[in-house]
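Listed below, chain by chain, are the residues.
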Amino acid sequence: MDKEELKKLRQKIDKIDDQLLYLLKKRLELAKTIGKIKEGIGSQSFDLSREKEVLGRILKQNQGFFPEEALKVIYSEIIKACRSVQEKIKVAYLGPEATFSHIATLEYFGTSAELIPVETILDVFEEVSSERVKFGVVPIENSIEGVVATTLDAIYEYGLKVCGEVYQSISHHLLNQTGRLEDIKKVLSHPQAIAQCRKWLRKKLPSVPVDTVPSTALAAKWAAVDEKVAAIASLMAAKLYHLQVVAKNIEDIKGNSTRFWIIGKEEVPFTGKDKTSLIFSVSDRPGALFEVLGCFAKRKINLTKIESRPSKNEPWKYIFFLDCEGHIQEPVVQECIEEMKNYCLQVIWLGSYPKGKS
């Protein structure tokens, strides 16, 4: 292929890029118009069911020609950017920047939302409850460590709705200023991150003290100002705080992931691939829990999680947290919840929302 042919092909790509930009501008204008119509009829701008529909249609038309994962990323960002002109969404998350909560928030809402870091999980609930933000992102369970009790207790106490979920794979990396293992005199990280890397640290840095800090990002921030300190944190933290990677993927068990809840005050419409979360309590009598679970079994509703938590109101009494497949708008799910009420002291619907990809 000669240089002239290469030049012609590049010119064709330039023309295609011009057409793409023109069409993106047209899409943005249409999104603005839709936003005004929604505002006029009192409809919410954040319609996840519509977003899922758009992405599903695009992937079906693509038929695997364009790399599917890349196409998902591209269209997700286009959709989120267009949504931002309808309403600038404020989202609170467990900060600071470069924590896994921050990464999960970016994955779900994209770069067009206004992301607000807060210090604790309860602060996220406070921000949403007071309507200073529209949504919050909180960890609900880890594939190794289990449920996050603070989140489960808070969703019960604050009465907010679960609007979505996102799964974030967790990989831990050892970071410092030089990238050299021999320069490390102290290791800092979040207690969970340290626990998940205990074997690696014992083998590679047996005589180096390890201390805890409130977040992996704070550990990285500390390492950025002290050349003797190394942090166990994310690659985003390395980039944000200009650190070098000493060792990648130092977690003892691979495949670790954390499930995050998107919390808010609005109900999410039916999408066809949904999950419903409930809290319920039963009286202290034989067979009470069996009767409740029978409501799901006879309707062939799949349970994806059930866990008990101590009641804050009565000692040695328990509430149950349950996830099942389906949406509250589906008759079979409605019937199941109505029958549950015959056997339960209370049933609280936490939300129905699109299933995340684990």
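Residues numbered from 1 in each chain as written. Predicted model: local features only at pLDDT ≥ 70, side-chain atom pairs only at ≥ 80, totals over all residues. Heavy atoms only, no water.

**As for the state of the cysteines**
Going through the model one piece at a time under the given rule, you end up with 0 disulfides. Summary of cysteine pairing: cysteine 336 is not part of a disulfide, and the nearest cysteine sulfur, belonging to cysteine 295, is at 5.3 Å. As a non-bridged cysteine, cysteine 344 has cysteine 295 as the owner of its nearest cysteine sulfur, 7.3 Å distant. Judged by its relative accessible area of 12%, cysteine 344 falls in the buried class. (Disulfide = S-S within 2.5 Å. Buried < 20%, exposed > 50% of the residue type's maximum accessible area, 1.4 Å probe, protein only.)

**Quick look at the packing of aromatic side chains**
Enumeration according to the criterion identifies 5 aromatic pairs in this entry. Each member of the aromatic cluster is reached from another via a ring pair, and the members are Tyr108, Phe109 and Phe135. (Phe/Tyr/Trp six-rings, centres within 6.5 Å; stacked < 30°, edge-to-face > 60°.)

**Re the pattern of salt bridges**
What the rule picks out here adds up to 22 salt bridges. Across the pair lysine 72 and glutamate 69 runs a salt bridge, and its minimum N-O distance is 3.4 Å. With a gap of 3 residues between them, lysine 72 and glutamate 69 both fall in helix 3 (residues 68–86), about one helical turn apart. Here aspartate 211 ties to lysine 186 by a salt bridge, and the two come within 3.6 Å at their closest N and O atoms. Pair noted here: aspartate 211 is in strand 8 (residues 210–212) and lysine 186 is in strand 7 (residues 186–189), with a separation of 25 residues, a long-range link. (Salt bridge = Lys/Arg side-chain N within 4 Å of Asp/Glu carboxyl O. Helix = DSSP H or I, 4+ residues; strand = E, 2+ residues; numbered from the N terminus.)

**Thoughts on the environment of isoleucine 79**
Here isoleucine 79 is to be found in helix 3. With relative accessibility at 10%, the residue isoleucine 79 sits in the buried group.

**Section: the confidence of the model for the chain**
Averaged over every residue, the pLDDT of the chain is 90; the share at 70 or more is 97%. Predicted confidence in the chain is weakest over helix 2 (residues 48–62), with a mean pLDDT of 80, and strongest over strand 6 (residues 173–176), with 98. (pLDDT = per-residue confidence, 0-100.)

**Notes on the sheet that holds strand 14 (residues 318–325)**
In space, the 4 strands of this open sheet follow the order 13-14-12-15, with antiparallel pairing throughout. Each edge of the sheet is formed by a strand with only one pairing partner; in this case those strands are strand 13 (303–310) and strand 15 (344–354). Across this sheet, the average inter-strand angle for adjacent strands is 15 degrees, counted without regard to direction. Bridge analysis of strand 12 (residues 274–282) against strand 14 gives 6 bridges, and the strand direction is antiparallel. Bridge pairing in strand 14 links serine 277 to aspartate 323. (Pairing = 2+ DSSP bridges. Axes fitted to C-alpha atoms, helices over the stretch in contact; angles between N-to-C directions.)

**Digging into helix 6 (residues 149–158)**
Three or more residues of helix 6 are buried, namely Thr151, Leu152, Asp153, Ala154 and Ile155. Among the residues trailing helix 6, glycine 159 stands out with phi positive, at a value near 70 degrees.

**What to know about the sheet that holds strand 10 (residues 244–247)**
Strand order in the open sheet formed by 5 strands is 8-7-9-6-10, with mixed pairing between adjacent strands. The open sheet has two edge strands, strand 8 and strand 10, and neither has a second partner. Pairwise comparison of adjacent strand axes, ignoring direction, gives a mean angle of 35 degrees for this sheet. For strand 6 and strand 9 (residues 229–233), the ladder comprises 3 bridges, and the chain directions are antiparallel. Paired with leucine 175 across the two strands is alanine 231, which belongs to strand 9.

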